[in-house]
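This is what each chain is made of:
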Amino acid sequence: MGDWKTITVPALSSASKITYQNTSEKKMSPSSLNMQQVLRSPLPSYKNMHSFFSAFCTEENVEQSISYLNRELTTLGFPSLYLECKDKELNVVSVLNCMNELLVLQRKNLRAQEEVEIQHLKLGSDMDHLQNCYAKVKEQLEASRREIVGLQERDRQQQCKNRNLHQLLKNEKDEVQKLQNIIASRATQYNHDMKRKEREYNKLKERLHQLVMNKKDKKIAMDVLNYVGRVDGKRGAWRTGKTEARNEEEMYKVLLGGYEQRQKQLLVENAELKKVLQQMKKEMISLLPPQKQKPKERAEDGIGPVLSDMEEDAVEVNKENMWELSCETVREQLTNSIRKQWRMLKNHVEKLDNQVSRAHSGALNGSDVISREDHELETEKLELEIQQCKEMIKTQQQLLQDCYLLEERERLQEEWKLFREQKKNFERERRSFTEAAIRLGLERKAFEEDRGAWLKQQFLSMTSDHKNSEHVKTQSAYSGSSDSDNQLMNFRSWQKKPHCLPSVPPSEELCQTIQHIPHNSNSSVVLNKTTEDSKPKQWKGLNKAETE
Amino acid sequence: MNFSEVFKLSGLLCKFSPDGKYLASCVQYRLIIRDVNNLQILQLYTCLDQIQYIEWSSDSLFILCAMYKRGIVQVWSLEQPDWHCKIDEGSAGLVASCWSPDGRHILNTTEFYLRITVWSLCTKSVSYIKYPKACQHGIAFTKDGRYMALAERRDCKDFISLFVCSDWQLLRHFDTETQDLSGIEWAPNGCVLAVWDTCLEYKILLYSLDGRLLSTYSAYEWSLGIKSVAWSPSSQFLAIGSYDEKVRILNHVTWKKITEFEHPATIANPKIIVYKEMEKSPRVETESLAFPPARAQASSLFSTQSKYDISQVPVTLQYVKPVTDRANPRIGIGMLAFSPDNCFLATKNDNIPNAIWIWDVQKLKLFVVLEQLYAVQLFQWDPRQPRLAICTGNSKVYLWSPAGCVSVQVPMEGDFQVLSLCWHSSGDSMALLSKDNFCMCYLEREEVK
């Protein structure tokens, strides 16, 4: 058996998973107690696992621990760890099986625990939720209770108001009644007073009348030149009983005449109305479906003097003249028959209405709805189409407008371009013109100066050459070239000194002008001509230069 | 439209003769008879005192002039200018005077309505009728002139006496169920007599020629009642205008109300045409003015032209709130007249004095409303056709017909305020009367557009 060692196992929070360690330690019952304690206690933390596991079985108490374990396991229903035949020998297979079983069991227990915990959580949350709901519902209940109280209060107020208004109305009505009574009483009072005053007044009138009559005023008279004949030429007649009777007769004649006229009118009206009623009756009969049974029934019943409708109609053709009479029975018959027909027509129409409504509400419930829906859809479609068309038209109009605008704009732009170009050209020309004019002016000035100088020189030379006059004359005869050469020379010499002309080309042209001079005696004229001639040349040249 | 020149007139006394040939006018104490077409003076008569009333006899041969202050009635003959007749009532006094329908008797109402004296021009007889009723329309003759109805009052009760005009025989005498009879009127067919009560009570009674009560009609009680009454020319309808601004139409068959016409201040029905008189300022060409300006020019310069414009419905008319604490307030339907062809009824609501309401009798609906600038003084239908002439106290005369309406300025020098007018029996002309003058207005056949 081995040495019994008491192992004081620390109270650990150990799991039920106990790994078997190869320690042979035996336990005493207190240790088993401890062991049981350990078993009952929760899972061990992994930190303490090793220490715990080593605490149960050590190398010394292996057999004890085996026998303990065997005892525990057998009590739990597991097979024995020892071999069957030989005790104290470990049945490894059964040990392993037991281990496996224990593992499985452990896992199951863990799962179960997990499930339980989950359910616990769920239940907890459910509980919370329910508590919240309960709180909310309680709040709502309170709120609605308060509302009810408020509404009740309002209702009470409104009823109060209503009662007040009713009271006011009653008061007003009472007042109106009172005022009417007052008016009535006052009216009677006034009437009474009026009557009294009138009686007094009548008395006065009587008195006055008496006085007037008594006085026999001579003034009250008619003064006429001669009496006039009556209108109808006859003489006046005495008023006798006959005349009175005749007057009465006349009066009644007049009255009767009036009545007769009125009666005629009324007869005519009646006849027309009767005709209209007859027509209406006929039309109503034609509208109604033929009802052949009823008149037969009536005939069978034989209801006294009242004719059936069909019989009436048959009779009617023959006795149309009867309707001309305006006696009571005929009138009644006509009105009754019209009423009957009208009632029948009404019933007929009502039946039709019911049929229609039944047909609609019955089997063809959907069709009605669908047809309406269709109708609505169609109308919507049409509306959409209309809108689309309108929009299209609008856009097209806009586009057209834009096109026109664009065209116009392009045209305008082109014109603008042209205009601008022309403007530029004109400006250029103007500038060149002004420049040329300035140049010309300057040149002219210079030329004038030169000319003046040259003339002076010439004069001087002429005076100096007077001594050698012939030579000069002959030279002057051939003034063309030699003089010109001289002049040219002089001019050239002159030219070189002052540099009056700014640019080269004008000087060349000026030379040209000078060459032209001798062709004409009038130098100024020539100058002018040449200048004029030069101008167009100049312009052309300038133009060419510019355009290039 | 042609206007004649202006003649003197006094007292708005200007009347056409029944045969349409003559026009009688008064200037103070003179009576002037003119020819209607050329307005030449045919006769001139001088009376003893200022004339207060003139009336032609039915055969246009005689004309009476009443002078109430002196109590004298003078009768003149057109055939014989030398013939004269003077009726002196003496101390009895004279309040009213009128011809009988045969043109040979004159009925004078003495002062205080003591009696009515019937003077005969053919015989020497005089008749007295005692206790006549002291009201405005106390005597009524039938249209054919055969019968006369006279309102009487004895012992605080009203009576009606029916006389035969040919020999003044009392035909019927019956009492009426009225408190205080205020008017009587025969229907144009002479068979029915309408009798209505004082304005304190709305009651109208219809009696037949032989004195039987045919019907009574009362629309309401306690408020002020009937103000004006008019028969339609065919005697089919009786229009009653009352103080509650409504006109009620009774029919001659059942004597029950067939409709009532209201006269509210706002007209909202778009089918009603509302003509509004508008002033248009005249264009003055300052260059062509001469100084001093000629008289005619001056008047035309300062006179404002006016024309009719069609107002857009809804229209609010000028409503005058009357003073309620006075007697005879200016409220209710004061004027009522049927057109001669029985197609239209013209009414005037005194609460809206500037407007005339024209109702279509066939449809019994409001047809046209004419809104004037000033209060309407008088309107009168043309005796032959549905044409209404209106005067509002200014210098214009207005004409309305279903074809349209026109405002015509009377082209007179100075002020000519048209206070009254009367049509000639042919409907071709009318006389416009002002306080001191009158003029004739000749209308062409196709005048009103």
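Residues numbered from 1 in each chain as written. Chains lettered and ligands numbered in written order. Predicted model: local features only at pLDDT ≥ 70, side-chain atom pairs only at ≥ 80, totals over all residues. Heavy atoms only, no water.

**Student:** How do you make sense of the overall build of chain A when you look at a structure like this?
**Tutor:** A count of helical and extended segments in chain A gives 14 helices and 1 strand. With 548 residues in all, chain A has 18% of them scored as buried. Considering only residue pairs separated by 6 or more positions, chain A has 70% of its internal contacts joining residues 24 or more positions apart. (Helix = DSSP H or I, 4+ residues; strand = E, 2+ residues; numbered from the N terminus. Buried < 20%, exposed > 50% of the residue type's maximum accessible area, 1.4 Å probe, protein only. Contact = heavy atoms within 4.5 Å.)

**Student:** Looking at this structure, how should I read the overall build of chain B?
**Tutor:** Counting secondary structure elements, chain B contains 1 helix and 41 strands. Within chain B, buried positions represent 57% of all 449 residues. Counted over contacts in chain B with a minimum sequence separation of 6, partners at least 24 positions apart contribute 45%. Summed over its atoms, the accessible surface of chain B is roughly 19100 Å², and 50% of this surface lies on carbon and sulfur atoms. (Areas by Shrake-Rupley, 256 points an atom, 1.4 Å probe, with all protein chains shown as cover.)

**Student:** Is there a simple way to explain helix 3 (residues 62–76) of chain A in this structure?
**Tutor:** Residues and elements named next belong to chain A. Taking 1.5 Å of rise per residue, 15 residues should cover 21 Å, and helix 3 covers 21 Å from first to last C-alpha, within 8% of that figure. Every buried residue belonging to helix 3 is among Val62, Gln64, Ser65, Ile66, Ser67, Tyr68, Asn70, Glu72 and Leu73, and all of these are buried. Glycine 77 sits one or two positions beyond helix 3 and adopts a positive phi of about 105°. (Expected span 1.5 Å × (residues − 1).)

**Student:** What's the story with the interface of chain B and chain A in this structure? I'm lost.
**Tutor:** Many structure descriptions define interface size as the accessible area lost when the parts assemble. If you look at the interface, chain B gives 51 residues, while chain A gives 45 residues. Both sides together, the interface formed by chain B and chain A hides about 4400 Å², and carbon and sulfur atoms give 58% of it. Together, Leu114, Cys156 and Trp222 of chain B form the three largest contributors to the area buried by chain B at its contact with chain A, with a combined 14%. On the surface where chain B and chain A come into contact, there are 3 salt bridges. Where chain B touches chain A, the interface holds 12 residue pairs in polar contact (both at pLDDT 80 or more). Here the side of chain B that touches chain A is composed, by residue class, of 23 nonpolar, 11 polar and 17 charged. Here strand 1 (residues 221–224) of chain A runs beside strand 10 (residues 84–88) of chain B; their pairing, made up of 4 bridges, is antiparallel. Bridge assignment links valine 224 of chain A to a residue of strand 10 of chain B, and that residue is cysteine 85 of chain B. (Buried area = accessible area lost by both parts, 1.4 Å probe. Salt bridge = Lys/Arg side-chain N within 4 Å of Asp/Glu carboxyl O. Polar contact = N/O pair within 3.5 Å; in protein donor to acceptor, adjacent residues only side chain to side chain. Nonpolar A, V, L, I, M, F, W, Y, C, P; charged D, E, K, R; others polar. Pairing = 2+ DSSP bridges.)

**Student:** How should helix 5 (residues 241–287) of chain A be read in this particular structure?
**Tutor:** Structural remark: α-helix, 3.6 residues per turn; residues separated by three or four positions point the same way. In this model, helix 5 of chain A (47 residues) spans 67 Å end to end at C-alpha, consistent with the 69 Å of a helix rising 1.5 Å per residue. Of all the positions in helix 5 of chain A, only Thr243, Asn247, Met251, Val254, Leu255, Lys274, Gln278, Lys281 and Met284 of chain A are classed as buried.

**Student:** Before we go on, may I ask you to explain the nonpolar core in this structure?
**Tutor:** Nonpolar side chains tend toward joint burial in soluble globular proteins. Residue and element names in this part refer to chain B. In this structure, Ile160, Ile184, Ile204, Leu238 and Ile240 are the most contacted members of the largest nonpolar core, which totals 37 residues. Here the element with the most residues in this core is strand 20 (residues 192–196); it accounts for 5 residues. Setting aside residues no more than four positions away along its own chain, leucine 238 makes contact with Ala194, Ile204, Leu206, Val229, Ala230, Trp231, Arg248, Ile249 and Leu250. Phe261, Ala265, Val274 and Phe338 belong to the second largest nonpolar core, which has 23 residues in total. (Core = buried A, V, L, I, M, F, W, Y, C linked by side-chain atoms within 4.5 Å.)

**Student:** Just to check I follow, could you spell out a nonpolar patch on the surface for this structure?
**Tutor:** Residues and elements named next belong to chain A. A surface patch of nonpolar side chains, about 340 Å² in accessible area, is lined by Leu90, Val92, Leu96 and Met99. Within the element layout of this structure, methionine 99 appears in helix 4 (residues 92–215). The partly exposed category is assigned to methionine 99, whose relative accessible area is 39%. (Patch = residues over 30% accessible without salt bridge, like charges linked within 9 Å, V, L, I, M, F, W, Y side chains within 5 Å.)

**Student:** Just to check I follow, could you spell out the side chain of serine 228 of chain B for this structure?
**Tutor:** Residues and elements named next belong to chain B. Along the chain, the position of serine 228 falls in strand 23 (residues 226–231). Given a relative accessible area of 9%, serine 228 falls into the buried group. A polar atom in the side chain of serine 228 sits 2.9 Å from the backbone oxygen of isoleucine 333. Dropping the residues within four chain positions of it, serine 228 is found in contact with Ala239, Ile240, Gly241, Ile333, Gly334, Met335 and Leu336.

**Student:** What exactly am I supposed to notice about the packing of aromatic side chains here?
**Tutor:** Geometry of an aromatic ring pair is reported as the spacing of the ring centres plus the angle between the planes. Residue and element names in this part refer to chain B. In the structure shown here, the tally under the stated rule is 19 aromatic pairs over all chains. Measuring from centroid to centroid gives 5.5 Å for phenylalanine 344 and phenylalanine 367, while their planes differ by 20°, and the two rings are stacked. Separated by 23 residues along the polypeptide, phenylalanine 344 in strand 32 (residues 344–349) and phenylalanine 367 in strand 34 (residues 365–371) bring together distant segments of the chain. Residues phenylalanine 344 and tryptophan 400 carry aromatic rings whose centres are separated by 5.4 Å and whose planes lie at 90° to one another, so their mutual orientation is edge-to-face. Of the two residues, phenylalanine 344 sits in strand 32 while tryptophan 400 sits in strand 37 (residues 396–401), which places them 56 residues apart along the sequence. A relative accessible area of 1% places tryptophan 400 in the buried class. A network of ring pairs unites the aromatic residues Phe344, Phe367, Trp381 and Trp400 as a single cluster. Its end group placed over the ring of phenylalanine 7, arginine 34 keeps NZ or CZ at 4.0 Å from the ring centre. (Phe/Tyr/Trp six-rings, centres within 6.5 Å; stacked < 30°, edge-to-face > 60°. Lys NZ or Arg CZ within 6 Å of the ring centre and 35° of its normal.)

**Student:** Looking at this structure, I do not really get the state of the cysteines. What am I missing?
**Tutor:** When the sulfur atoms of two cysteines share a covalent bond, that bond is a disulfide. Scanning the model with the defined rule gives 0 disulfides over all chains in all. No disulfide involves cysteine 47 of chain B; its sulfur sits 3.9 Å from that of cysteine 65 of chain B, the nearest cysteine. (Disulfide = S-S within 2.5 Å.)

**Student:** Where do I start with the sheet that holds strand 29 (residues 305–311) of chain B in this structure?
**Tutor:** Backbone hydrogen bonds hold the strands of a sheet together, and the pairing may be parallel or antiparallel. Residue and element names in this part refer to chain B. As summarised here, the arrangement of the 6 strands in space is 29-28-34-33-32-31, forming an open sheet in which the pairing is mixed. Here the strands that pair on one side only, and so sit at the sheet edges, are strand 29 and strand 31 (333–338). Within the sheet, the average angular offset between the axes of one strand and its neighbour, ignoring direction, is 20°. As paired strands, strand 31 and strand 32 are joined by 5 bridges and run antiparallel to one another. Residue pairing for strand 32: methionine 335 is matched across the bridge by lysine 348. (Axes fitted to C-alpha atoms, helices over the stretch in contact; angles between N-to-C directions.)

**Student:** Got a minute to help me understand the sheet that holds strand 7 (residues 53–56) of chain B in this structure?
**Tutor:** Here we have 5 strands laid out as an open sheet, ordered 1(A)-10(B)-9(B)-8(B)-7(B), and antiparallel in their pairing. Across the chains shown, the open sheet's two edge strands, defined by having one partner strand only, are strand 1 of chain A together with strand 7 of chain B. Between one strand axis and the next, the sheet turns through 15° on average, direction left out of account. Pairing between strand 8 (residues 62–67) of chain B and strand 9 (residues 72–77) of chain B: 6 bridges, direction antiparallel. Looking at the pairing, cysteine 65 of chain B lines up with glutamine 74 of chain B of strand 9 of chain B.

**Student:** Help me understand the environment of alanine 151 of chain B in this model?
**Tutor:** All names here are of chain B. Tracing the backbone shows alanine 151 in strand 16 (residues 147–154). Accessibility expressed as a relative area gives 1% for alanine 151, which makes it buried. Each C-alpha atom of the pair alanine 151 and isoleucine 139 lies 6.6 Å from the other, and the pair is 12 residues apart in sequence. Discounting chain neighbours no more than four positions away, the residues touching alanine 151 are Tyr131, Pro132, Lys133, Gly138, Phe159, Ile160, Leu181 and Ile184.

**Student:** Just checking my understanding: could you explain a positive patch on the surface for this structure?
**Tutor:** All names here are of chain A. There is a patch of like positive charges on the surface, built from Lys417, Arg420, Lys423, Lys424, Arg428 and Arg431. Along the chain, the position of lysine 424 falls in helix 10 (residues 365–465). Residue classification places lysine 424 among the exposed positions, given a relative accessible area of 51%. (Lys, Arg positive; Asp, Glu negative; His and termini not counted. Charge placed at Lys NZ, Arg CZ, Asp CG, Glu CD.)

**Student:** When you look at a negative patch on the surface in this model, what are you seeing that I'm missing?
**Tutor:** All names here are of chain A. A surface patch of like charges, here negative, comprises Glu373, Asp374, Glu376, Glu378, Glu380 and Glu383. Along the chain, the position of glutamate 373 falls in helix 10. Given a relative accessible area of 43%, glutamate 373 falls into the partly exposed group.

**Student:** When you look at the pattern of salt bridges in this model, what are you seeing that I'm missing?
**Tutor:** Two side chains of opposite charge can pair, provided their charged atoms sit close to one another. Residue and element names in this part refer to chain A. Counted according to the given criterion, the structure contains 26 salt bridges over all chains. A salt bridge links arginine 196 to aspartate 193, with the nearest nitrogen and oxygen atoms 3.1 Å apart. On the criterion of helical spacing, the pair formed by arginine 196 and aspartate 193 is a turn pair, its members being 3 residues apart in helix 4. We classify arginine 196 as partly exposed; its relative accessible area is 48%. Here glutamate 448 makes a salt bridge to arginine 451, at a shortest N to O gap of 3.6 Å.

**Student:** Is there a simple way to think about the pairing of strand 33 (residues 355–360) of chain B in this case?
**Tutor:** Remember that side chains alternate between the two faces of the sheet whenever the strand is regular. All names here are of chain B. Most of strand 33 is tucked away: 6 of the 6 residues are buried. In strand 33, alternate side chains face the same way, and those of Ala355, Trp357 and Trp359 on one face and Ile356, Ile358 and Asp360 on the other are all buried. Bridge analysis of strand 32 against strand 33 gives 4 bridges, and the strand direction is antiparallel. Residue leucine 345 lies in a different strand from strand 33, and its bridge partner there is tryptophan 359. Note that strand 33 and strand 34 share 6 bridges and pair antiparallel. Looking at the pairing, tryptophan 359 lines up with leucine 366 of strand 34. Counting the residues that bridge the hairpin from strand 33 to strand 34 gives 4 residues, and of these leucine 364 lies at a positive phi of roughly 55°.

**Student:** Help me understand the side chain of asparagine 70 of chain A in this model?
**Tutor:** Structurally, asparagine 70 of chain A is set in helix 3. Look at asparagine 70 of chain A and you get buried, because its relative accessible area is 11%.

The analysis is restricted to geometry; functional conclusions fall outside its scope.
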